[in-house]
Amino acid sequence: MKYKSVKGLLTNDESLIPTNFIDKLEDLLHGFLGIVLFGISILAAGYTLQRLIETRPFFPLGMIQGINDILFVVIILEIMRTVIVRFTDGIFQLENFLIIGVIAAVRHILTVGASLTMQEEKTDQYFNRALIEMGVNTGIVLALVFGLFLARAARKPDKNR
């Protein structure tokens, strides 16, 4: 028995593998990846809590590490949400990836800014590099937010039509 392939929808080619089987296999893989990402987020949150308790001095070093680690856990959870939405709705959601990018870039800006503040002896080269990094990441955040705005605007129905 031969089945139509996805490619076959356009070219009348046939496949030995049923598309139903591939869809179920893909769903199974998405479910597994969601569970793995959830496990990773729990482990990362536990590690974050442990570092918060053990880091001395807590202010400002522990707080900066805590914020950085918490934003990392949020990134993992957003990736997990994207996998789950893809699994349940079957739709790739651009907005989730844009949000993940914004969080990651802001996390990097905060980390560079904190290290710039914490370091006692700053060379001119280190200071200039840190400012360039923060400027580039700020540009990335602005571009991603603009992309998010465009994605949401494209999704809204036009009332003038």
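Residues numbered from 1 in each chain as written. Predicted model: local features only at pLDDT ≥ 70, side-chain atom pairs only at ≥ 80, totals over all residues. Heavy atoms only, no water.

**Some remarks on the overall build of the protein chain**
Along its length, the protein chain carries 5 helices and 2 strands. In the protein chain, the succession of helices and strands from N to C terminus is β-α-β-α-α-α-α. The buried share of the protein chain, reckoned over its 161 residues, is 24%. Taking the contacts inside the protein chain whose residues are at least 6 apart along the sequence as the reference set, 58% of them involve residues at least 24 apart. Put simply, the protein chain shows about 11800 Å² of open surface, and 68% of that area lies on carbon and sulfur atoms. (Helix = DSSP H or I, 4+ residues; strand = E, 2+ residues; numbered from the N terminus. Buried < 20%, exposed > 50% of the residue type's maximum accessible area, 1.4 Å probe, protein only. Contact = heavy atoms within 4.5 Å. Areas by Shrake-Rupley, 256 points an atom, 1.4 Å probe, with all protein chains shown as cover.)

**A short note on the pattern of salt bridges**
Scanning the model with the defined rule gives 5 salt bridges in all. As a salt-bridge pair, Glu 78 and Arg 81 come within 3.8 Å of each other at their nearest N and O atoms. Here Glu 78 pairs with Arg 81, and both are found in helix α3 (residues 58–89), just 3 residues apart, close to one helical turn. (Salt bridge = Lys/Arg side-chain N within 4 Å of Asp/Glu carboxyl O.)

**Some remarks on the nonpolar core**
Burial of nonpolar side chains together is a common tendency in soluble globular proteins. Leu 98, Val 102, Ala 105, Val 141, Leu 144, Leu 148 and Ala 151 together form the largest nonpolar core, which totals 7 residues. Here this core takes 4 residues from helix α5 (residues 124–155), the largest share from any one element. Discounting chain neighbours no more than four positions away, the residues touching Val 102 are Val 141, Leu 144 and Val 145. Grouped together as the second largest cluster of nonpolar side chains are 6 residues, Leu 37, Ala 44, Ile 76 and Val 83 included. (Core = buried A, V, L, I, M, F, W, Y, C linked by side-chain atoms within 4.5 Å.)

**A word on the side chain of Asp 69**
As for its position among the elements, Asp 69 is in helix α3. For Asp 69, the contacting residues outside a window of four places in its chain are Thr 48 and Arg 51.

**Some remarks on α3**
With 32 residues, α3 should reach 46 Å at 1.5 Å per residue; the first-to-last C-alpha distance of 43 Å fits that figure. Of the positions making up α3, those classed as buried are Gly 62, Gly 66, Asn 68, Asp 69, Val 73, Ile 75, Ile 76, Glu 78, Met 80, Thr 82, Val 83 and Val 85. Buried-residue contacts for α3 involve α2 (19–54) and α4 (94–118). Trailing α3 by a residue or two, Gly 90 shows a phi angle of about 75°, which is positive. (Expected span 1.5 Å × (residues − 1).)

**What to know about the packing of α3 against α4**
Here α3 crosses α4 at 170°, and the two axes come no closer than 10 Å. The angle between the axes of α3 and α4 places the two elements in the roughly antiparallel class. Considering only residue class, the contact of α3 with α4 consists of 17 nonpolar, 4 polar and 3 charged. (Axes fitted to C-alpha atoms, helices over the stretch in contact; angles between N-to-C directions. Parallel < 35°, antiparallel > 145°, perpendicular 65-115°, else oblique. Nonpolar A, V, L, I, M, F, W, Y, C, P; charged D, E, K, R; others polar.)

**Things to note about α2**
Because an α-helix completes one turn every 3.6 residues, residues spaced three or four positions apart along the sequence face the same direction. Its 36 residues give α2 an end-to-end C-alpha distance of 52 Å, which sits within 8% of 52 Å, the value for a rise of 1.5 Å per residue. Among all positions of α2, only His 30, Gly 34, Leu 37, Ser 41, Ala 44 and Thr 48 are buried. Where the residues of α2 are buried, they touch α3.

**Description of the side chain of Asn 68**
Positionally, Asn 68 belongs in helix α3. Excluding residues that lie within four positions of it along the chain, Asn 68 makes contacts with Arg 107 and Thr 111.

**Observations concerning the packing of α2 against α3**
Where α2 meets α3, the closest approach of the two axes is 9 Å, and the angle between their N-to-C directions is 170°. Taken together, the axis directions place α2 and α3 in an arrangement best described as roughly antiparallel. Here the contact of α2 with α3 is built from residues that sort into 16 nonpolar, 8 polar and 5 charged.

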